[in-house]
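Working through the structure, step by step
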Amino acid sequence: MGIISALLSLFLAAIAYGGADGKDILSSAERVWLTNNQSRLVLAVETGYAPFVFLDDKGRPTGLAHDYLLLIESKLGVHFKQRRFSSLDEIFDKVRSGEVQIVNAVTNTPARSRFLAMTEPFISVPNVIIVRKDQSGAMTELKLAGLKVSLVKSYAVTEHMTNRGLQFVPDIVPDDLTALLNVSFGRSDAAIVDLATASYLISVKGITNLRVAGEVPFDIRLSIGSPIGEPVLHSILQKGLNAATDAERDEIKKRWINTSNQSIYSNRQFWVVLGGVLAGALVIFAVILVWNRTLRQQVAIRTDALVREKEALRESEAQNLALVTQYNRELERQIAERTAELSEVNRKLQQLSEIDGLTGIANRRKFDAELDREWRRAIREKRPLALLMVDIDHFKEYNDRYGHPEGDRCLQLVAEVLHSLIQRTGELVARYGGEEFVVILPGHSIQTAGEVAEKIRYTIEARKIPHLGNVSSQVLTISVGVASMVPDQAERPDTLLNQADACLYEAKREGRNRVVTECRIQ
Ligand SMILES: Nc1nc2c(ncn2[C@@H]2O[C@H](COP(=O)(O)OP(=O)(O)OP(=O)(O)O)[C@@H](O)[C@H]2O)c(=O)[nH]1
């Protein structure tokens with residue numbers, strides 16, 4: 001039954017583990033043992049031993065030693081149960097009580113070797129001398145003489161340094177960070193801290209003024225410990241550790257220990273990166289230059305096109321303006337022409353409206369307006385205004401005997417005579433209606449007006465125009481009524497008109513062919 005169980009375990013272990021090359025690094029017995037005991041194996045995880053083993057921001061175990069343990073787990077094809085502890089002393093207690101079987105970051109000492117079996121050290125970290133950057137030169141243990149040096153209490157390296165009879169002034173501090181800060185703030189001249197811890201704390205805490213100045217000949221050598229009573233486990237852990245390749249070890253080391261205490265400028269990778277960055281910058285610069293030039297060319301082309309468009313627009317506007325100006329001038333000329341024509345037409349219309357169509361002298365409308373004007377002027381100037389009223393004698397007889405057209409010619413003849421005799425400024429001859437004419441004589445007294453009237457009468461008679469109907473003389477004659485007065489505001493032009501008309505009536509009554517200047521209004 002025992003043999004069957006062992007074979008089954010071996011079979012299950014073979015199924016559970018599948019190495020990359022298909023070979024198990026453990027012996028069959030070890031694999032069986034591991035499979036049977038894996039559930040009781042507990043890995044102690046120390047939570048505050050940075051950078052070797054500690055908890056990250058999210059509370060997950062991490063660190064250099066933890067990475068080694070993960071690597072070993074991968075090599076062995078197992079996953080150990082974990083328990084967390086805040087101190088190594090606590091872990092040792094649990095090892096002694098059998099609750100912890102694996103301690104993954106522990107330095108071998110004679111005391112510890114009494115209950116822990118240690119693997120070969122998987123990492124050896126030098127203890128280094130840390131100084132401020134403003135302290136130049138390399139450091140050795142001997143050069144520490146006379147300087148104040150911070151060392152961490154109960155560290156093996158502290159015991160080592162104090163037992164060497166060196167002439168420095170020891171400053172014992174509780175932890176690595178205090179030692180580093182003492183140097184950073186000038187409270188100590190130097191600190192002895194392992195390179196991994198120094199590198200980790202300087203980076204994480206952002207301490208920028210420290211540098212590694214040298215080493216002390218005492219390394220930290222970390223091993224994986226297992227209870228002294230578990231030799232198979234010790235062998236398994238050692239085999240897992242042995243399976244780690246140099247490349248894997250280097251990778252873990254690089255991840256946690258910054259060895260670039262030398263100048264960054266001596267780092268080839270730095271120059272490669274710098275070269276790459278510079279080359280990239282050069283390419284970007286060239287691209288920007290080309291782009292810039294292309295943009296400038298495009299801007300120049302576009303600007304040129306815009307200038308040409310603007311010029312064309314300006315020319316077009318100028319042409320349009322010239323056309324509009326020319327058109328406006330032509331319009332203005334035509335308007336002026338039309339206005340002049342209209343003025344002329346209006347003037348002619350005005351004239352026509354004031355001229356008698358048959359005789360060509362002023363008509364009744366013109367006469368009324370002129371009489372009114374001269375009446376007011378006479379009032380203003382207090383001068384006399386005279387009026388002649390002329391009527392052809394027996395004109396009905398003339399028409400009847402010679403015909404109406406001949407009558408018209410007779411009227412035209414009388415008008416012509418009147419017009420030829422009445423020429424002075426302000427004087428006016430008008431056809432009053434039918435065969436009656438009127439003459440306005442501004443400034444004439446009744447006497448001078450009578451003289452003018454007589455001259456007219458005489459001239460007409462002297463023409464000897466045959467008028468057989470005019471029984472007394474057989475020629476065309478006229479009768480004239482004359483009136484003259486100095487008008488005043490109280491009177492109207494009708495007064496003068498009525499007076500002249502009354503005199504004309506008197507002339508007719510007295511036998512015609514005569515001038516009457518004095519009469520009474522009936
Ligand atoms: N041919 C012509 N005759 C006109 C015109 N206007 C008026 N007459 C005529 O003039 C005449 C006036 O006649 P009457 O008023 O009787 O006066 P008269 O014959 O001149 O008589 P007395 O004035 O008393 O001497 C009428 O026969 C009208 O027909 C006109 O434009 N042309």
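Predicted model, so just to flag it, every value in this text is computed and none were measured. (Residues numbered from 1 in each chain as written. Predicted model: local features only at pLDDT ≥ 70, side-chain atom pairs only at ≥ 80, totals over all residues. Heavy atoms only, no water.)

A separate point is a nonpolar patch on the surface. A cluster of nonpolar side chains, Val283, Val287, Trp291 and Leu295, forms an exposed patch at the surface whose accessible area comes to about 410 Å². Along the polypeptide, leucine 295 turns up in helix α10 (residues 268-354). (Patch = residues over 30% accessible without salt bridge, like charges linked within 9 Å, V, L, I, M, F, W, Y side chains within 5 Å. Areas by Shrake-Rupley, 256 points an atom, 1.4 Å probe, with all protein chains shown as cover. Salt bridge = Lys/Arg side-chain N within 4 Å of Asp/Glu carboxyl O. Helix = DSSP H or I, 4+ residues; strand = E, 2+ residues; numbered from the N terminus.)

A separate point is the pattern of salt bridges. Considering all chains together, one arrives at 35 salt bridges under this definition. Salt-bridge contacts for glutamate 341 lead to arginine 338; the nearest nitrogen and oxygen are separated by 3.8 Å. Here arginine 338 and glutamate 341 lie together in helix α10, a separation of three residues that amounts to about one turn. The class for arginine 338 is partly exposed, based on a relative accessible area of 46%. Note that aspartate 400 and lysine 396 form a salt bridge whose closest N and O atoms lie 3.2 Å from each other. Residue aspartate 400 and its partner lysine 396 are located together in helix α12 (residues 395-402), separated by four residues, close to a single helical turn. In terms of burial, aspartate 400 and lysine 396 fall into one category: exposed. Salt bridges linked by common partners bring Glu330, Arg333, Glu337, Arg338 and Glu341 together as one network. (Buried < 20%, exposed > 50% of the residue type's maximum accessible area, 1.4 Å probe, protein only.)

Contacts to the ligand come from 16 residues, most closely from His394, Phe395, Asn399, Asp408 and Arg431. Within the side chain of aspartate 391, one N or O atom sits 3.3 Å away from an oxygen atom of the ligand. Take isoleucine 392: an N or O atom from its main chain is 3.3 Å from an oxygen atom of the ligand. Taken by itself the ligand offers 660 Å² of open surface, and the protein chains cover 67% of this. Elements that contribute at least two residues to the shell around the ligand include exactly β13 (385-392), α12 and α13 (404-421). Broken down by element, the shell around the ligand gets its largest block of residues, four residues, from α13. Tallied by class, residues from the shell around the ligand come to three nonpolar, five polar and eight charged. (Near = heavy atom within 4 Å. Polar contact = N/O pair within 3.5 Å; in protein donor to acceptor, adjacent residues only side chain to side chain. Nonpolar A, V, L, I, M, F, W, Y, C, P; charged D, E, K, R; others polar.)

The next subject is the nonpolar core. In terms of nonpolar packing, the biggest core is built from 53 residues, with Phe52, Leu64, Phe80 and Phe122 touching the most fellow members. With seven residues, helix α3 (residues 64-76) is the single largest residue contributor to this core. Dropping the residues within four chain positions of it, phenylalanine 80 is found in contact with Leu34, Leu41, Leu43, Leu69, Glu73, Ile102 and Leu237. One finds Leu418, Ala449, Ile478 and Val480 within the second-largest nonpolar core, a separate group that totals 28 residues. (Core = buried A, V, L, I, M, F, W, Y, C linked by side-chain atoms within 4.5 Å. Contact = heavy atoms within 4.5 Å.)

Next up on the list: the environment of arginine 492. Residue position: arginine 492 is located in the loop between β16 (478-485) and α15 (493-509). Residue class for arginine 492 comes out exposed when judged on its relative accessible area of 57%. Each C-alpha atom, one on arginine 492 and one on tryptophan 375, is 8.1 Å from the other, the two residues being 117 residues apart in sequence.

Let us now look at the UniProt feature "coiled-coil region" (unreviewed entry) in the protein chain. Per the UniProt annotation, the sites labelled "coiled-coil region" (unreviewed entry) are residues 328-355. Counted over residues 328-355, helix gives 96% and strand 0%. Its end C-alpha atoms are 39 Å apart. (UniProt positions renumbered as here; feature names shortened; annotations may be inferred.)

Contact geometry of helix α11 (residues 364-381) with α15 gives a least axis separation of 10 Å together with a crossing angle of 115 degrees. Judged by the angle between their axes, α11 and α15 are roughly perpendicular. For the pair α11 and α15, the contacting residues are Phe367, Leu371, Asp372 and Trp375 in the first and Pro493, Leu496 and Leu497 in the second. (Axes fitted to C-alpha atoms, helices over the stretch in contact; angles between N-to-C directions. Parallel < 35°, antiparallel > 145°, perpendicular 65-115°, else oblique.)

Attention now goes to the sheet that holds strand β2 (residues 48-49). Reading across the sheet, the three strands line up as β2-β3-β4 and stay open at both edges, with antiparallel pairing between neighbours. In this open sheet, the two strands that pair with only one neighbour each are β2 and β4 (61-62). In this sheet, β4 lies alongside strand β3 (residues 53-55) in antiparallel orientation, the contact comprising two bridges. Note that in β4 the partner of phenylalanine 54 across the bridge is threonine 62. (Pairing = 2+ DSSP bridges.)

Before going further, it helps to spend a moment on the pairing of strand β14 (residues 428-433). Every regular strand shows the same layout, with side chains that alternate between the two sheet faces. With five of six residues buried, β14 lies mostly within the body of the structure. Pairing analysis gives five bridges linking β14 to strand β15 (residues 436-442), with the strands arranged antiparallel. Counterpart to alanine 430 in the pairing with β15 is valine 438. Counted between consecutive antiparallel strands, the loop separating β14 from β15 contains two residues, among which glycine 434 sits at a positive phi close to 55 degrees.

Overall, the coordinates contain eight aromatic pairs when judged by the stated rule. On the numbers, 4.5 Å between centres and 45 degrees between planes, the contact of tyrosine 398 with tyrosine 402 is tilted. With a gap of four residues between them, tyrosine 398 and tyrosine 402 both fall in helix α12, about one helical turn apart. Residue classification places tyrosine 402 among the partly exposed positions, given a relative accessible area of 29%. Ring pairing ties together the aromatic residues Phe54, Tyr200 and Trp256, which thus form one cluster. (Phe/Tyr/Trp six-rings, centres within 6.5 Å; stacked < 30°, edge-to-face > 60°.)

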